[in-house]
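Below, each chain spelled out in residue letters.
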Amino acid sequence: MQTRTPIKIRGYHLDLYAHVNNARYLEFLEEARWDFLEQQVDIASFTGSNLGLAVVNININYRRGAYVNEEIEVVTSLAKIGNKSAVMHQDVVLKGTDTLVADADVTFVVTDQKLQKAVALEGELRTALEQWQSSGK
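Described in the following lines is the structure provided in the data block. (Residues numbered from 1 in each chain as written. Predicted model: local features only at pLDDT ≥ 70, side-chain atom pairs only at ≥ 80, totals over all residues. Heavy atoms only, no water.)

A word on the overall build of the chain. Counting secondary structure elements, the chain contains 3 helices and 6 strands. Reading the secondary structure of the chain in the N-to-C direction produces β-α-α-β-β-β-β-β-α. The C-alpha radius of gyration of the chain comes to 16 Å, within 12% of the 14 Å expected for a compact globule of 137 residues. When the backbone C-alpha atoms are referred to their principal axes, the chain occupies close to 45 × 30 × 25 Å. A burial count over the chain gives 36% of its 137 residues as buried. Of the roughly 7800 Å² that the chain leaves accessible, carbon and sulfur atoms contribute 48%. The centroid of the 14 positive side-chain charges in the chain is displaced by 2 Å from the centroid of its 18 negative side-chain charges. (Helix = DSSP H or I, 4+ residues; strand = E, 2+ residues; numbered from the N terminus. Rg over C-alpha atoms; globule rule 2.2 N^0.38 Å. Buried < 20%, exposed > 50% of the residue type's maximum accessible area, 1.4 Å probe, protein only. Areas by Shrake-Rupley, 256 points an atom, 1.4 Å probe, with all protein chains shown as cover. Lys, Arg positive; Asp, Glu negative; His and termini not counted. Charge placed at Lys NZ, Arg CZ, Asp CG, Glu CD.)

Now the structure itself:
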């Protein structure tokens, strides 16, 4: 499963050099991950389950500047599932093109909210994550 989250570049996204500030990409990527999750799970049920998601590493490659009034899309998919962590891959492209603006690999863990510890990705949880990887929900 992959999602495409559109974002229009606004003036407040820009830095002194008139392109999107590098820190803004973290916000764009987070917005797209929320969009991805909302299409996979009932957020209220998930948060009520005592489980949470925590980002533990982000690797971003900046490929091209993005400028005011351009429209981008963040393409998000679940790329890899490990024993205690998983990786979402995100491409930021100019909307309607294959022009790559940035790409990122975001590693996250599923946490037990009471214990504040990562849980093993096994059983029903692993099955759910594997469904996120497939073309269906």
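In this section: the nonpolar core. Core analysis: the largest hydrophobic core is formed by 16 residues, its most contacted members being Tyr-25, Phe-28, Ile-72, Val-74, Val-92 and Val-101. Mapped onto this core, the elements with two or more residues apiece are helix 1 (22-40), strand 3 (71-81), strand 4 (86-94) and strand 5 (100-112). Not counting residues within four places of it along the chain, the set of residues in contact with Val-92 comprises Tyr-25, Leu-29, Ile-72, Glu-73, Val-74, Thr-99, Leu-100, Val-101 and Ala-102. Core analysis: the next-biggest nonpolar cluster, separate from the first, contains 12 residues, Leu-78, Met-88, Val-110 and Leu-121 among them. (Core = buried A, V, L, I, M, F, W, Y, C linked by side-chain atoms within 4.5 Å. Contact = heavy atoms within 4.5 Å.)

So, about the layout of surface pockets. Roughly 370 Å³ of internal volume is contained in the largest pocket. As for the largest pocket, its lining consists of 19 residues, and the residues nearest its centre are Arg-33, Trp-34, Leu-37, Leu-53 and Val-55. Looking at the lining of the largest pocket, the elements that each hand over two or more residues are helix 1, helix 2 (43-47), strand 2 (51-62) and strand 5. Top contributing element to the lining of the largest pocket by residue count: strand 2, with 6 residues. The residue inventory of the lining of the largest pocket, partitioned by class, reads 15 nonpolar, 2 polar and 2 charged. (1 Å grid on protein atoms, 1.4 Å probe; cavity = no way out; pocket = protein on both sides within 12 Å on 5 of 7 lines; lining within 4 Å. Points joined across faces, edges and corners; volume = space filled by probe spheres on them. Nonpolar A, V, L, I, M, F, W, Y, C, P; charged D, E, K, R; others polar.)

As a further point, take helix 1. With 19 residues, helix 1 ought to run about 27 Å at 1.5 Å a step, and its terminal C-alpha atoms sit 28 Å apart, in line with that. Taken together, the buried positions of helix 1 are Tyr-25, Phe-28, Leu-29, Ala-32, Arg-33, Phe-36, Leu-37 and Gln-40. Between a side-chain oxygen at the N-terminus of helix 1 and the backbone nitrogen of Ala-23 the separation is 2.8 Å; the capping residue is Asn-21. (Expected span 1.5 Å × (residues − 1). Polar contact = N/O pair within 3.5 Å; in protein donor to acceptor, adjacent residues only side chain to side chain.)

This part is about the packing of aromatic side chains. Taken as a whole, this structure holds 3 aromatic pairs when the rule is applied. An angle of 75 degrees between the planes, with centres 5.8 Å apart, marks the rings of Tyr-25 and Phe-28 as edge-to-face. Here Phe-28 and Tyr-25 lie together in helix 1, a separation of 3 residues that amounts to about one turn. The exposure classification of Tyr-25 matches that of Phe-28, with both residues buried. With centroids separated by 6.1 Å and ring planes inclined at 80 degrees, the aromatic side chains of Phe-36 and Trp-132 adopt a geometry described as edge-to-face. Within this pair, whereas Phe-36 is found in helix 1, its partner Trp-132 is found in helix 3 (residues 123-133), the two being separated by 96 residues in sequence. For Phe-36, a relative accessible area of 0% gives the class buried. (Phe/Tyr/Trp six-rings, centres within 6.5 Å; stacked < 30°, edge-to-face > 60°.)

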